[in-house]
Amino acid sequence: MRTRWQLILFVMLIATAMLVACGTVSSDDDDDDDDEADDDVADDDDVDDDDDTGDDDVDDDDIDDDDIDDDDDDGEYDVGDVFPDFTLMSHTGETQSLSDFAGQVLVLDTMATWCPTCRSDTLLLQSELWDVYHDQGFEVLQLMAENSVRQTPDLEFIQNWRDTNNLEYVVMIDPNWGVGARFNNSKFSIPFYAILDQNGVCVHKQKGLNTTYFSYVINDLLTNPPDPLD
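Structure report, in brief. Since the model is a prediction, treat every value here as computed from it, not as a measurement.

## What to know about the packing of aromatic side chains
Enumeration according to the criterion identifies eight aromatic pairs in this entry. Taken together, a centroid distance of 4.9 Å and an interplanar angle of 75° make the contact between Trp-177 and Phe-188 edge-to-face. In this pair, Trp-177 is assigned in the loop between strand S5 (170-173) and helix H4 (180-183) and Phe-188 in the loop between H4 and strand S6 (192-196), connecting sequence segments eleven residues apart. Note that Arg-150 overlies the ring of Trp-114, its terminal NZ or CZ placed 3.7 Å from the centroid.

Next up, the structure:
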């Protein structure tokens, strides 16, 4: 009798052990499935991040395209045009006209003192261009439209500006960009420059100052002046 009950107890222990073992295997399989799901989520995140980065690159390219388009846009007066006469208040305390400088090679500089590049270019116009070519028939007309607080400068401001920066070229007040906007690009950029020959014809214009190229153009005009216009 005892042997029979011992046999039954032994079978029950074996069955219990098998159930526990099956539960452990099932739990391990579930954990593995969860890990694989986590990996899938991580992979999806990686793909999304790459797509976002690609979108940012496209935006950057679009900005570059806009910059190129700016250079292609023409203002009211372009290369090859005779620039019309204008009259503005200058640092002398009197009005001066473009026609007062007839027969000279001119650089027109559209600028504002709140613009950092405009300020740094101001010194280069003096040292790299005016100091070198003025005695040969060259002049700079700096057309200042706004001061450091984006207001039209007064006479005292441009006189102090000229004295503070030790400038010897002409500084003029250009209210509301009235003159500078006429040869700027259509989207308007500063600093912006135009080079006029001795006849007042625009031979070059661009955003930003390139003293090496400007020197080449100015020297060529002074060495080989154009024939007078009819």
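## A few points about helix H3 (residues 155-164)
Listed as buried for H3 are Ile-158, Trp-161 and Arg-162. What you see down the axis of H3 is that its buried residues fit within an arc of 95°, all on one side. Summarising the geometry of H3, the exposed residues directed more than 90 degrees from the buried face are Glu-156, Asp-163 and Thr-164. Asn-166, located one to two residues past H3, shows a positive phi value of around 55°.

## Some thoughts on helix H2 (residues 116-133)
In an α-helix, one turn spans 3.6 residues; hence positions three or four apart end up facing the same way. Compared with an ideal rise of 1.5 Å per residue, which puts 18 residues at 26 Å, H2 spans 25 Å between its outermost C-alpha atoms and is within 8% of the ideal. Within H2, the axis deviates most sharply at Leu-125, by approximately 35°. Within H2 the residues assigned to the buried category are Cys-118, Asp-121, Thr-122, Leu-125, Gln-126, Leu-129, Trp-130 and Tyr-133. Its buried side turned inward, H2 meets strand S3 (105-112), strand S4 (138-146), H3, S6 and helix H5 (211-223).

## Examining the packing of H2 against H5
Following both chains from N to C, one finds H2 and H5 inclined at 20°, their axes separated by 11 Å at the closest point. In terms of axis orientation, H2 runs roughly parallel to H5. The hand of the H2/H5 crossing is right-handed. Contacts from Leu-124, Glu-128, Leu-129 and Tyr-133 of H2 reach H5 at Thr-211, Phe-214, Ser-215, Ile-218, Asn-219 and Leu-222. Class assignment of the residues belonging to the contact of H2 with H5 gives a composition of six nonpolar, three polar and one charged.

## Side note on the nonpolar core
Core analysis: the largest hydrophobic core is formed by 30 residues, its most contacted members being Val-107, Leu-125, Leu-129, Phe-138, Phe-214 and Ile-218. Mapped onto this core, the elements with two or more residues apiece are S3, H2, S4, H3, S5, S6 and H5. When near neighbours in sequence (up to four residues on either side) are disregarded, Phe-214 contacts Val-107, Leu-129, Tyr-193, Ile-195, His-204, Gln-206, Gly-208 and Leu-209. By size, the runner-up hydrophobic cluster in this structure holds 18 residues, among which are Leu-88, Phe-101, Leu-141 and Cys-202.

## Description of the sheet that holds S3
Taken in spatial order, the five strands line up as S5-S4-S3-S6-S7 in an open sheet, and their pairing is mixed. The sheet is open, and its two edges are formed by S5 and strand S7 (202-207), each paired on a single side. Sheet twist, expressed as the mean angle between neighbouring strand axes with direction ignored, is 20°. Sheet analysis places S3 next to S6, joined by five bridges and oriented antiparallel. Residue pairing for S6: Leu-108 is matched across the bridge by Ala-194. Relative to the sheet, H3 contacts S3, S4 and S5, its axis offset from that of S5 by approximately 155°.

Criteria and cut-off values
- Residues numbered from 1 in each chain as written.
- Predicted model: local features only at pLDDT ≥ 70, side-chain atom pairs only at ≥ 80, totals over all residues.
- Heavy atoms only, no water.
- Phe/Tyr/Trp six-rings, centres within 6.5 Å; stacked < 30°, edge-to-face > 60°.
- Helix = DSSP H or I, 4+ residues; strand = E, 2+ residues; numbered from the N terminus.
- Lys NZ or Arg CZ within 6 Å of the ring centre and 35° of its normal.
- Buried < 20%, exposed > 50% of the residue type's maximum accessible area, 1.4 Å probe, protein only.
- Arc of directions from axis to C-beta.
- Expected span 1.5 Å × (residues − 1).
- Bend = angle between axes of the 7 residues up to and from the residue.
- Contact = heavy atoms within 4.5 Å.
- Axes fitted to C-alpha atoms, helices over the stretch in contact; angles between N-to-C directions.
- Parallel < 35°, antiparallel > 145°, perpendicular 65-115°, else oblique.
- Left-handed = near helix turned anticlockwise from the far one by under 90°.
- Nonpolar A, V, L, I, M, F, W, Y, C, P; charged D, E, K, R; others polar.
- Core = buried A, V, L, I, M, F, W, Y, C linked by side-chain atoms within 4.5 Å.
- Pairing = 2+ DSSP bridges.

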